[in-house]
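The lines below spell out each chain.
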Amino acid sequence: MAARSVACYAHEVSEDPGLAAVIRERSSEILASWIVRFERSPLRFRRASNPAMHTSQVANLVEALVEAAAGGNELKPGTDATRELERNAAFLGAQFSSEGATGFDIAALLLELRDVLAGIVSTDDAAKMTRLFEWLTVVALDTFAASGLQSLRERVSDQLELGTPVVELLPKVPAVFLVGSPNAGVIDGLLSRAWMLAVGTGAPCLIIDTSGLAESGEHAFDVGYKGFLDQAEGSVLQVLMSNARRPLRERCATATTAVGMAFQHFDRLDSAVAHSLERAGHLLMRRS
(Lines give C-alpha, C1' and ligand atoms only; values in the text may rest on other atoms or scores of the structure.)
Protein backbone atom coordinates (compact mmCIF):
# COMPACT_ATOMS: atom_id res chain seq x y z
CA MET A 1 0.00 0.00 0.00
CA ALA A 2 2.80 2.42 0.91
CA ALA A 3 4.62 1.67 -2.35
CA ARG A 4 1.43 2.40 -4.25
CA SER A 5 1.09 5.84 -2.58
CA VAL A 6 4.66 6.72 -3.42
CA ALA A 7 4.07 5.75 -7.04
CA CYS A 8 0.97 7.97 -7.26
CA TYR A 9 2.85 10.95 -5.76
CA ALA A 10 5.74 10.48 -8.16
CA HIS A 11 3.32 10.45 -11.11
CA GLU A 12 1.65 13.69 -10.01
CA VAL A 13 4.82 15.72 -9.53
CA SER A 14 6.39 14.50 -12.76
CA GLU A 15 3.39 15.55 -14.89
CA ASP A 16 4.11 18.62 -17.06
CA PRO A 17 2.06 21.72 -16.23
CA GLY A 18 -0.50 22.76 -18.86
CA LEU A 19 0.37 25.22 -21.59
CA ALA A 20 -2.01 27.85 -20.18
CA ALA A 21 -0.40 27.58 -16.72
CA VAL A 22 3.12 27.93 -18.12
CA ILE A 23 2.23 31.03 -20.11
CA ARG A 24 0.33 32.61 -17.24
CA GLU A 25 3.09 32.04 -14.70
CA ARG A 26 5.79 33.40 -17.00
CA SER A 27 3.82 36.22 -18.64
CA SER A 28 6.09 38.94 -17.22
CA GLU A 29 9.15 37.12 -18.50
CA ILE A 30 7.51 36.68 -21.89
CA LEU A 31 6.82 40.41 -22.19
CA ALA A 32 10.33 41.37 -21.11
CA SER A 33 11.92 38.95 -23.58
CA TRP A 34 9.60 40.09 -26.35
CA ILE A 35 10.58 43.76 -25.90
CA VAL A 36 14.25 42.91 -26.34
CA ARG A 37 13.68 40.68 -29.36
CA PHE A 38 11.29 43.12 -31.04
CA GLU A 39 13.75 45.98 -30.58
CA ARG A 40 16.48 43.96 -32.29
CA SER A 41 14.31 42.23 -34.90
CA PRO A 42 15.86 42.31 -38.40
CA LEU A 43 12.33 42.49 -39.84
CA ARG A 44 11.94 46.07 -38.65
CA PHE A 45 13.40 48.30 -41.33
CA ARG A 46 12.39 51.77 -40.22
CA ARG A 47 12.38 51.18 -36.44
CA ALA A 48 10.14 54.22 -36.01
CA SER A 49 7.91 52.65 -33.35
CA ASN A 50 8.90 52.22 -29.72
CA PRO A 51 8.38 48.65 -28.45
CA ALA A 52 7.02 50.02 -25.18
CA MET A 53 4.10 51.51 -27.13
CA HIS A 54 2.93 48.02 -28.08
CA THR A 55 3.42 46.27 -24.73
CA SER A 56 -0.26 46.45 -23.83
CA GLN A 57 -1.20 44.93 -27.19
CA VAL A 58 1.22 42.06 -26.67
CA ALA A 59 -0.04 41.59 -23.10
CA ASN A 60 -3.57 41.27 -24.52
CA LEU A 61 -2.37 38.68 -27.00
CA VAL A 62 -0.67 36.69 -24.24
CA GLU A 63 -3.81 36.81 -22.09
CA ALA A 64 -5.94 35.71 -25.03
CA LEU A 65 -3.50 32.85 -25.62
CA VAL A 66 -3.87 31.75 -22.00
CA GLU A 67 -7.65 31.74 -22.38
CA ALA A 68 -7.42 29.84 -25.67
CA ALA A 69 -5.16 27.16 -24.15
CA ALA A 70 -7.18 26.83 -20.93
CA GLY A 71 -8.87 23.47 -20.44
CA GLY A 72 -6.48 21.72 -22.79
CA ASN A 73 -7.96 23.20 -25.97
CA GLU A 74 -6.08 22.35 -29.12
CA LEU A 75 -4.83 25.56 -30.66
CA LYS A 76 -5.90 25.02 -34.24
CA PRO A 77 -6.32 28.13 -36.39
CA GLY A 78 -9.91 29.01 -37.17
CA THR A 79 -11.48 27.18 -34.23
CA ASP A 80 -13.65 28.55 -31.42
CA ALA A 81 -10.70 28.34 -29.03
CA THR A 82 -8.59 30.72 -31.13
CA ARG A 83 -11.35 33.14 -32.10
CA GLU A 84 -10.44 35.78 -29.51
CA LEU A 85 -6.78 35.51 -30.47
CA GLU A 86 -7.70 36.13 -34.09
CA ARG A 87 -9.78 39.15 -33.09
CA ASN A 88 -6.80 40.54 -31.20
CA ALA A 89 -4.54 39.96 -34.20
CA ALA A 90 -7.06 41.64 -36.54
CA PHE A 91 -7.35 44.63 -34.20
CA LEU A 92 -3.57 44.83 -34.08
CA GLY A 93 -3.37 44.99 -37.87
CA ALA A 94 -6.00 47.74 -38.05
CA GLN A 95 -4.28 49.76 -35.33
CA PHE A 96 -0.86 49.50 -36.97
CA SER A 97 -2.43 50.69 -40.22
CA SER A 98 -3.91 53.76 -38.52
CA GLU A 99 -0.53 54.56 -36.96
CA GLY A 100 1.31 54.55 -40.29
CA ALA A 101 3.38 51.47 -39.41
CA THR A 102 4.40 48.82 -41.95
CA GLY A 103 3.60 45.16 -42.44
CA PHE A 104 7.17 44.41 -41.39
CA ASP A 105 6.41 45.86 -37.95
CA ILE A 106 3.40 43.57 -37.56
CA ALA A 107 5.35 40.51 -38.67
CA ALA A 108 8.18 41.36 -36.30
CA LEU A 109 5.81 41.79 -33.35
CA LEU A 110 4.03 38.47 -33.84
CA LEU A 111 6.92 36.32 -35.00
CA GLU A 112 9.22 37.50 -32.20
CA LEU A 113 6.46 36.74 -29.69
CA ARG A 114 6.12 33.31 -31.27
CA ASP A 115 9.83 32.64 -30.80
CA VAL A 116 9.72 33.74 -27.17
CA LEU A 117 6.82 31.40 -26.45
CA ALA A 118 8.41 28.54 -28.36
CA GLY A 119 11.45 28.83 -26.12
CA ILE A 120 9.56 28.25 -22.85
CA VAL A 121 7.07 25.51 -23.79
CA SER A 122 7.46 21.86 -24.73
CA THR A 123 8.60 20.75 -28.17
CA ASP A 124 5.08 19.69 -29.16
CA ASP A 125 3.60 22.98 -27.96
CA ALA A 126 6.35 24.93 -29.73
CA ALA A 127 5.28 23.35 -33.04
CA LYS A 128 1.69 24.38 -32.32
CA MET A 129 2.84 27.91 -31.50
CA THR A 130 4.65 28.13 -34.83
CA ARG A 131 1.56 27.13 -36.84
CA LEU A 132 -0.76 29.30 -34.78
CA PHE A 133 1.35 32.45 -34.95
CA GLU A 134 1.94 32.10 -38.67
CA TRP A 135 -1.85 32.11 -39.03
CA LEU A 136 -2.24 35.11 -36.69
CA THR A 137 0.38 36.99 -38.69
CA VAL A 138 -1.59 36.38 -41.89
CA VAL A 139 -4.80 37.55 -40.16
CA ALA A 140 -3.12 40.72 -38.89
CA LEU A 141 -1.53 41.52 -42.25
CA ASP A 142 -4.81 40.95 -44.07
CA THR A 143 -6.57 43.41 -41.76
CA PHE A 144 -3.65 45.82 -42.09
CA ALA A 145 -3.99 45.77 -45.88
CA ALA A 146 -7.80 46.03 -45.79
CA SER A 147 -7.65 48.97 -43.38
CA GLY A 148 -5.10 50.73 -45.55
CA LEU A 149 -7.24 50.22 -48.64
CA GLN A 150 -10.34 51.47 -46.84
CA SER A 151 -8.46 54.52 -45.62
CA LEU A 152 -7.31 55.21 -49.18
CA ARG A 153 -10.88 54.91 -50.48
CA GLU A 154 -12.11 57.33 -47.85
CA ARG A 155 -9.41 59.85 -48.74
CA VAL A 156 -10.23 59.56 -52.44
CA SER A 157 -13.94 59.98 -51.69
CA ASP A 158 -13.24 63.07 -49.60
CA GLN A 159 -11.10 64.51 -52.37
CA LEU A 160 -13.76 63.81 -55.01
CA GLU A 161 -16.52 65.33 -52.89
CA LEU A 162 -14.50 68.45 -52.16
CA GLY A 163 -12.87 68.80 -55.58
CA THR A 164 -15.67 67.93 -58.01
CA PRO A 165 -16.92 71.15 -59.63
CA VAL A 166 -20.49 72.11 -58.70
CA VAL A 167 -20.71 75.55 -60.22
CA GLU A 168 -22.97 78.19 -61.73
CA LEU A 169 -21.52 78.56 -65.21
CA LEU A 170 -23.63 81.65 -65.85
CA PRO A 171 -26.55 83.10 -63.91
CA LYS A 172 -29.20 80.40 -63.54
CA VAL A 173 -27.03 77.78 -65.28
CA PRO A 174 -25.88 75.36 -62.57
CA ALA A 175 -23.77 72.35 -63.50
CA VAL A 176 -21.97 69.47 -61.86
CA PHE A 177 -18.98 67.82 -63.57
CA LEU A 178 -18.53 64.25 -62.41
CA VAL A 179 -15.05 62.73 -62.52
CA GLY A 180 -13.43 59.45 -61.59
CA SER A 181 -15.33 56.69 -59.85
CA PRO A 182 -17.09 58.22 -56.83
CA ASN A 183 -19.17 56.02 -54.57
CA ALA A 184 -22.93 56.36 -54.19
CA GLY A 185 -22.61 58.54 -51.09
CA VAL A 186 -20.37 61.01 -52.88
CA ILE A 187 -22.71 61.09 -55.90
CA ASP A 188 -25.67 61.73 -53.62
CA GLY A 189 -23.82 64.53 -51.85
CA LEU A 190 -22.70 66.21 -55.07
CA LEU A 191 -26.16 66.07 -56.62
CA SER A 192 -27.67 67.41 -53.41
CA ARG A 193 -25.31 70.39 -53.60
CA ALA A 194 -26.21 70.87 -57.26
CA TRP A 195 -29.91 70.69 -56.43
CA MET A 196 -29.52 73.31 -53.69
CA LEU A 197 -27.61 75.54 -56.12
CA ALA A 198 -30.35 75.17 -58.72
CA VAL A 199 -33.09 75.97 -56.20
CA GLY A 200 -31.14 78.87 -54.72
CA THR A 201 -30.59 80.50 -58.11
CA GLY A 202 -34.06 79.75 -59.52
CA ALA A 203 -32.54 77.81 -62.40
CA PRO A 204 -34.88 75.97 -64.78
CA CYS A 205 -32.26 73.32 -65.63
CA LEU A 206 -29.45 71.40 -64.00
CA ILE A 207 -26.58 70.14 -66.16
CA ILE A 208 -24.96 66.85 -65.13
CA ASP A 209 -21.86 66.27 -67.22
CA THR A 210 -20.55 62.68 -67.10
CA SER A 211 -17.67 62.95 -69.56
CA GLY A 212 -15.19 62.39 -66.73
CA LEU A 213 -17.18 59.65 -64.99
CA ALA A 214 -15.45 56.28 -65.13
CA GLU A 215 -17.52 53.36 -66.37
CA SER A 216 -16.88 51.59 -63.06
CA GLY A 217 -18.67 54.46 -61.28
CA GLU A 218 -21.92 54.15 -63.20
CA HIS A 219 -23.54 51.68 -60.80
CA ALA A 220 -22.80 54.01 -57.91
CA PHE A 221 -24.26 56.85 -59.97
CA ASP A 222 -27.54 54.98 -60.30
CA VAL A 223 -27.80 54.67 -56.52
CA GLY A 224 -26.80 58.27 -55.83
CA TYR A 225 -29.06 59.59 -58.59
CA LYS A 226 -32.04 57.84 -56.99
CA GLY A 227 -31.37 59.82 -53.80
CA PHE A 228 -31.33 63.02 -55.83
CA LEU A 229 -34.64 62.14 -57.51
CA ASP A 230 -36.23 61.41 -54.14
CA GLN A 231 -35.22 64.92 -53.09
CA ALA A 232 -36.29 66.67 -56.29
CA GLU A 233 -39.39 64.60 -57.13
CA GLY A 234 -42.18 66.67 -58.64
CA SER A 235 -39.89 69.63 -59.29
CA VAL A 236 -40.17 71.68 -62.49
CA LEU A 237 -36.39 71.45 -62.80
CA GLN A 238 -35.25 69.86 -66.05
CA VAL A 239 -32.29 67.52 -65.84
CA LEU A 240 -29.82 67.95 -68.69
CA MET A 241 -27.27 65.14 -68.95
CA SER A 242 -24.31 65.40 -71.25
CA ASN A 243 -21.73 62.92 -72.57
CA ALA A 244 -23.34 59.88 -70.90
CA ARG A 245 -22.98 56.37 -72.25
CA ARG A 246 -26.17 55.03 -73.76
CA PRO A 247 -27.09 52.51 -71.02
CA LEU A 248 -26.60 55.16 -68.30
CA ARG A 249 -28.61 57.87 -70.04
CA GLU A 250 -31.44 55.43 -70.79
CA ARG A 251 -31.65 54.38 -67.14
CA CYS A 252 -31.55 58.00 -66.00
CA ALA A 253 -34.22 59.04 -68.50
CA THR A 254 -36.54 56.28 -67.28
CA ALA A 255 -35.94 57.05 -63.61
CA THR A 256 -36.34 60.82 -64.07
CA THR A 257 -39.58 60.72 -66.03
CA ALA A 258 -40.97 58.20 -63.52
CA VAL A 259 -40.92 60.89 -60.81
CA GLY A 260 -42.54 63.51 -63.04
CA MET A 261 -39.42 65.46 -64.00
CA ALA A 262 -38.19 66.44 -67.45
CA PHE A 263 -35.01 64.90 -68.82
CA GLN A 264 -32.90 65.50 -71.91
CA HIS A 265 -29.53 64.17 -72.99
CA PHE A 266 -26.93 66.00 -75.09
CA ASP A 267 -23.88 64.49 -76.73
CA ARG A 268 -21.97 67.73 -76.24
CA LEU A 269 -21.64 69.91 -73.14
CA ASP A 270 -21.93 73.15 -75.13
CA SER A 271 -25.29 72.00 -76.48
CA ALA A 272 -26.54 71.40 -72.93
CA VAL A 273 -25.27 74.84 -71.88
CA ALA A 274 -26.96 76.50 -74.85
CA HIS A 275 -30.28 74.79 -74.01
CA SER A 276 -29.97 75.83 -70.39
CA LEU A 277 -29.19 79.43 -71.35
CA GLU A 278 -32.25 79.55 -73.59
CA ARG A 279 -34.46 78.16 -70.82
CA ALA A 280 -33.02 80.69 -68.38
CA GLY A 281 -33.97 83.55 -70.69
CA HIS A 282 -30.50 84.50 -71.82
CA LEU A 283 -30.19 85.99 -75.31
CA LEU A 284 -27.94 83.82 -77.44
CA MET A 285 -25.65 85.56 -79.90
CA ARG A 286 -25.89 83.95 -83.28
CA ARG A 287 -23.55 84.41 -86.19
CA SER A 288 -25.13 86.14 -89.11
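In this text, all values refer to a predicted model and were calculated from it rather than measured experimentally. (Residues numbered from 1 in each chain as written. Predicted model: local features only at pLDDT ≥ 70, side-chain atom pairs only at ≥ 80, totals over all residues. Heavy atoms only, no water.)

**Things to note about the sheet that holds strand E2 (residues 173-180)**
1) Next: What the five strands build is an open sheet, ordered E1-E2-E3-E4-E5; its pairing is mixed. Since the sheet does not close on itself, it has two edges, and those belong to strand E1 (166-170) and strand E5 (262-266), each with one partner. Mean inter-strand twist for the sheet, computed between neighbouring axes without regard to direction, equals 25°.
2) Next: Here five bridges tie strand E4 (residues 238-242) to E5, and the two strands are oriented parallel to one another. From the neighbouring strand, Ser242 faces E5, where its bridge partner is Phe266.
3) Next: Where helix H10 (residues 246-258) meets the sheet, it contacts strand E3 (205-213), E4 and E5, and its direction lies at approximately 165° from that of E5. (Pairing = 2+ DSSP bridges. Helix = DSSP H or I, 4+ residues; strand = E, 2+ residues; numbered from the N terminus. Axes fitted to C-alpha atoms, helices over the stretch in contact; angles between N-to-C directions. Contact = heavy atoms within 4.5 Å.)

**Remarks on a nonpolar patch on the surface**
1) Next: Among the surface-exposed residues, Leu149, Leu152 and Val156 lie close enough to one another that they form a single nonpolar patch of about 230 Å² accessible area.
2) Next: Here Val156 is to be found in helix H7 (residues 123-163). (Patch = residues over 30% accessible without salt bridge, like charges linked within 9 Å, V, L, I, M, F, W, Y side chains within 5 Å. Areas by Shrake-Rupley, 256 points an atom, 1.4 Å probe, with all protein chains shown as cover. Salt bridge = Lys/Arg side-chain N within 4 Å of Asp/Glu carboxyl O.)

**Topic: the nonpolar core**
Nonpolar side chains tend to gather and get buried jointly when the protein is soluble and globular.
1) Next: Leu65, Leu109, Leu113 and Met129 are the most contacted members of the largest nonpolar core, which totals 39 residues.
2) Next: When contributions to this core are tallied by element, the ones reaching two or more residues are helix H2 (19-25), helix H3 (27-40), helix H4 (55-69), helix H5 (83-98), helix H6 (103-118) and H7.
3) Next: With near-sequence residues (within four places) excluded, Met129 lies in contact with Leu19, Leu65, Leu75, Arg114, Leu117 and Val121.
4) Next: The next biggest cluster of nonpolar side chains, apart from the first, holds 29 residues, and it includes Val176, Val186, Leu191 and Val259. (Core = buried A, V, L, I, M, F, W, Y, C linked by side-chain atoms within 4.5 Å. Buried < 20%, exposed > 50% of the residue type's maximum accessible area, 1.4 Å probe, protein only.)

**A closer look at unusual backbone geometry**
1) Next: Phi is positive for Lys172, which is not a glycine, with a value near 65°.
2) Next: Looking at where Lys172 falls in the secondary structure, it is placed in the loop between E1 and E2.
3) Next: Residue Lys172 is classed as partly exposed on the basis of its relative accessible area, which comes to 36%.

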